[in-house]
Amino acid sequence: MAPQDINRGVPNIDYFTPAHIVSPGSVVPDVKSEKPTPTLFKPLTIRGTTLRNRVLVAPMCQYSTAPDGPQIGALTDYHVVTLGHYALKGAALVMVEATGVQANGRISPNCPGLWSDAQIPALRRVSDFIKSQGSLSAIQLAHAGRKGSTCAPWIAGERTQGGKRKVSVRAGLDAGGWPENVVGPMGGEEWTWDEKKLDDESGGYCAPRALSEEEVGQLVQDWASAAKRAVNAGIDVIEIHGAHGYLIHQFLSPITNQRTDKYGGSFDNRARVLVEIIQAIRDVIPKTMPLYLRISATEWMEDTDLGKKHGSWDVASSIRLSKVVARLGVDLLDVSSGGNHPQQKLNAFDAKDYQTRIASQIRRELRKEDLSMFIGAVGLITEAEQARGIVEEGASRPARAAAVEMEKEAQAAVGMTEATDGEDPMADVILVARQFMREPEWVLRVAWQLDVEVAWPNQFLRVRFPKL
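How each quantity is defined
Residues numbered from 1 in each chain as written. Predicted model: local features only at pLDDT ≥ 70, side-chain atom pairs only at ≥ 80, totals over all residues. Heavy atoms only, no water. Helix = DSSP H or I, 4+ residues; strand = E, 2+ residues; numbered from the N terminus. Rg over C-alpha atoms; globule rule 2.2 N^0.38 Å. Buried < 20%, exposed > 50% of the residue type's maximum accessible area, 1.4 Å probe, protein only. Contact = heavy atoms within 4.5 Å. Areas by Shrake-Rupley, 256 points an atom, 1.4 Å probe, with all protein chains shown as cover. Lys, Arg positive; Asp, Glu negative; His and termini not counted. Charge placed at Lys NZ, Arg CZ, Asp CG, Glu CD. Expected span 1.5 Å × (residues − 1). Pairing = 2+ DSSP bridges. Axes fitted to C-alpha atoms, helices over the stretch in contact; angles between N-to-C directions. Parallel < 35°, antiparallel > 145°, perpendicular 65-115°, else oblique. Left-handed = near helix turned anticlockwise from the far one by under 90°. Nonpolar A, V, L, I, M, F, W, Y, C, P; charged D, E, K, R; others polar. Bend = angle between axes of the 7 residues up to and from the residue. Right-handed = clockwise from strand over helix to strand, strands pointing away. 1 Å grid on protein atoms, 1.4 Å probe; cavity = no way out; pocket = protein on both sides within 12 Å on 5 of 7 lines; lining within 4 Å. Points joined across faces, edges and corners; volume = space filled by probe spheres on them.

Per an unreviewed UniProt entry, the protein chain goes by the name FMN-linked oxidoreductase and belongs to Dothidotthia symphoricarpi CBS 119687.

Right, dumping it as C-alpha cells:
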C-alpha cells in the first residue's frame, strides 16, 4: 500500500479519528473562482491561534452535568457529541458554555465548573475532540452571582404561575442548590434579580448576600486558578463572562453595585474586579493564548427610573471599558447586551441589528486610539430567529421560505465582517449560538449559499451540497 493510501489518524489523542484532507470550513486551496473570498471565510490569527474562518460557536448553557458526587460540574459525552459536531461541521472555534470558577458560581446545579482539578480530564476529552476536527477549543469562565442557584429552564417551564409558565425556579438544597450562598456586590432581599421576596411563590431567584472585600480577592484568584486548569486541559482560548447580569456585570453597573468600598462607586472602582481578574488570568496563561471578554454593551436601563437615578451601564461605559481592557491584554471583545435587570427597556435603534451596530461603534472608537483589539458580534442570528419575518411575503412553499432565509443569513454574515465602500467592517468575527443547535452544518450552508468552495469533513464528502 502506498503511503498516500493510508487513512491517517489525528496524532496525540488516545483513539483513532481520521485526519481531514482539508480542515472543514476552510476554503479549499487551488480552487479557481471568479469571486474574491469573503472575509467571513478568510483565516484570522489572534496571538498563537489561527481561526480557519470567522464563524465562532458562542457558549450555550445546556444544564447537563452532574449536580453532586464525584462528577459534579464535569463535562460528559453529551458535550463531546454536541460541541464536537459543531467542530466537525466547520466552525472555527467552539466554546464551552459558562463554567463556574466557584461551585456557587454556577447558574444551576447542572452547569459545568472548573473549580477543581477533578474536572480537568472531562474538559480535556471535549477539547481534544474539538481540536481533532481542526477547530479551536474555548471555554467561558463565569460566576453567576445573584443569578445563581436556579433550576434548569425546562424545570421552570413545567410550572405555571397565574396561568403563565414560569421563567425561573429557585434551586433549593433538595435540588442541589445553594440558596444561602448566592452572592453579589450587594446583599438582601431587595437585591434579588427579579425583585421578588423569598415568600413570593412567583419569584424565581434567591436573595444574594454581599461579598466581602476578602471574598472578592479570593474570587479573583479562583478565576486565575480555573484559567490554569483550562490550560492544563488543552483549551486554546479563554473567555471571561462579563455580560448578561452575571457577577462581573453586577459589579460594573451602578444600578446593581452601590458599594462604598474600593469595588463600588466610581467607574474605576466598579471595573476594578474585572481589571484584577484580567490581570490575574494573564499572569498564569501562556503569552500565546488569546483572552476574550464578553460584555453587555448596554443593559438597556437608561430610560428607566432606576437608570435616571443611579446611572446605568451603557454604550459609552462599554467604549470606555474597551479601551481599558485592550491595554490589559484582552484580545477580543465579544459584544452582547442586556440581562442585568428585569426592568430593562430595549431600544433597538429602530432596527433588529442593534447589537452589531454597537459592536461596530466600539470597533471604530478603538481604532481612533490605535488599539487593535478584535471585535466579535453576537446576535447576528437573532436575525436567523427573525428570518421568518425577513422572508418575502408570499413565499409559497416551506422549501422556498427556507432558501430565502438561508440567503438572508448568508448575506448578513458576510456583511458584518466585510469592509465596504471604504468603511471598516462591523466586526472581525461573528458568534452564533442557537442557529448551530438547529443546523450544526450552518457554516457549510452559508459557504454553499455564497458559492464559496470550502472543505467538508472526510466522512461527509458524499453528501456535499451541489454547486449552485
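Enquirer: What should I look at first to understand the overall build of the protein chain in this one?
Expert: From N to C terminus, the protein chain includes 14 helices and 14 strands. A compact globule built from 468 residues would reach a C-alpha radius of gyration of about 23 Å, and the protein chain, at 22 Å, matches this within 12%. Its C-alpha atoms give the protein chain principal-axis dimensions of about 70 × 50 × 50 Å. Sorting the 468 residues of the protein chain into buried and exposed places 57% on the buried side. Taking as baseline every contact in the protein chain between residues at least 6 positions apart, the subset at least 24 positions apart corresponds to 74%. Put simply, the protein chain shows about 20500 Å² of open surface, and 49% of that area lies on carbon and sulfur atoms. The protein chain carries 53 positive and 57 negative side-chain charges, and their two centres are separated by 2 Å.

Enquirer: Before we go on, may I ask you to explain helix α4 (residues 213–232) in this structure?
Expert: Each α-helix winds once per 3.6 residues, and so residues spaced three or four apart point in a common direction. Between its first and last C-alpha atoms α4 spans 29 Å; for 20 residues at 1.5 Å apiece the expected length is 28 Å, and the two agree. Turning to α4, its buried residues are Val216, Leu219, Val220, Asp222, Trp223, Ala224, Ala226, Ala227, Arg229 and Ala230. In this fold, the buried residues of α4 make contact with α2 (120–132), β5 (136–142), β10 (237–242), α5 (247–252) and α6 (267–284). Positioned one or two residues after α4, Gly234 has a phi angle of 85°, which is positive.

Enquirer: Can you help me understand the sheet that holds strand β3 (residues 55–57) in this one?
Expert: Strands in a sheet are paired, the pairing made by backbone hydrogen bonds, and the direction either parallel or antiparallel. What the eight strands build is a closed barrel, ordered β3-β4-β5-β10-β11-β12-β13-β14; its pairing is parallel. Shown here is a sheet whose adjacent strand axes are inclined to one another by a mean of 25°, direction ignored. Here strand β12 (residues 332–336) pairs with strand β13 (residues 374–378) via four bridges, running parallel. Within the sheet, the bridge partner assigned to Val335 lies in β13 and is Ala377. α2 rests against β4 (93–100) and β5 of the sheet, and its axis sits at about 145° to β5.

Enquirer: Help me understand the environment of Ile240 in this model?
Expert: Looking at the element boundaries, Ile240 is found in strand β10. For the pair formed by Ile240 and Leu371, sequence separation is 131 residues and the distance between their alpha carbons is 20 Å. For Ile240, the contacting residues outside a window of four places in its chain are Leu141, Trp223, Ile248, Leu274, Ile277, Ile278, Ile281, Leu291, Tyr292, Leu293 and Arg294.

Enquirer: Even after reading the chapter, I still don't get the packing of helix α8 (residues 315–328) against helix α9 (residues 354–368), so can you show me in this structure?
Expert: When two helices pack together, their arrangement is given by the angle between their axes and by how far apart the axes lie. Between α8 and α9, the least distance of the axes is 10 Å, while the angle of their chain directions is 50°. Relative to α9, the element α8 lies oblique. At the point where α8 passes α9, the crossing takes the right-handed sense. Contact residues: α8 offers Val315, Ser318, Ile319, Ser322, Lys323 and Ala326, while α9 offers Ile358, Gln361, Ile362, Glu365 and Leu366. The residue makeup of the contact of α8 with α9, split by class, is six nonpolar, three polar and two charged.

Enquirer: Hey, could you run me through α6 in this one?
Expert: In this model, α6 (18 residues) spans 26 Å end to end at C-alpha, consistent with the 26 Å of a helix rising 1.5 Å per residue. The largest bend along α6 measures about 40° and falls at Val273. Of all the positions in α6, only Phe267, Asn269, Arg270, Ala271, Val273, Leu274, Val275, Ile277, Ile278, Ala280, Ile281 and Arg282 are classed as buried. Looking at the buried residues of α6, the elements they touch are α4, β10, α5, β11 (291–296) and α8.

Enquirer: Mind showing me how you'd approach the pairing of β5 here?
Expert: One face of the sheet, then the other: side chains in a regular strand alternate in exactly this way. Across the seven residues of β5, seven count as buried, placing the element largely inside the fold. Covered by surrounding structure in β5 are Leu136, Ala138, Gln140 and Ala142 together with Ser137, Ile139 and Leu141, the residues of both alternating faces. Relative to β5, β4 is paired through six bridges, and the arrangement is parallel. Paired with Met95 across the bridge in β5 is Ala138. On the question of chirality, the crossover connecting β4 to the parallel β5 by way of α2 is right-handed. Bridge count for β5 against β10 is four bridges, and the pairing is parallel.

Enquirer: Honestly, the layout of surface pockets in this entry has me stumped. Any pointers?
Expert: Rolled over the atoms, a probe with the dimensions of a water molecule shows which regions are left empty. Estimates place the volume of the largest pocket at around 1300 Å³. If you go around the largest pocket, you meet 46 residues; those closest to its centre are Pro59, His244, Tyr246, Arg294 and Arg434. Per-element tally for the lining of the largest pocket: the top contributor is helix α13 (residues 434–438), with three residues. Each residue belonging to the lining of the largest pocket can be placed in one class, and the counts come to 25 nonpolar, 15 polar and six charged.

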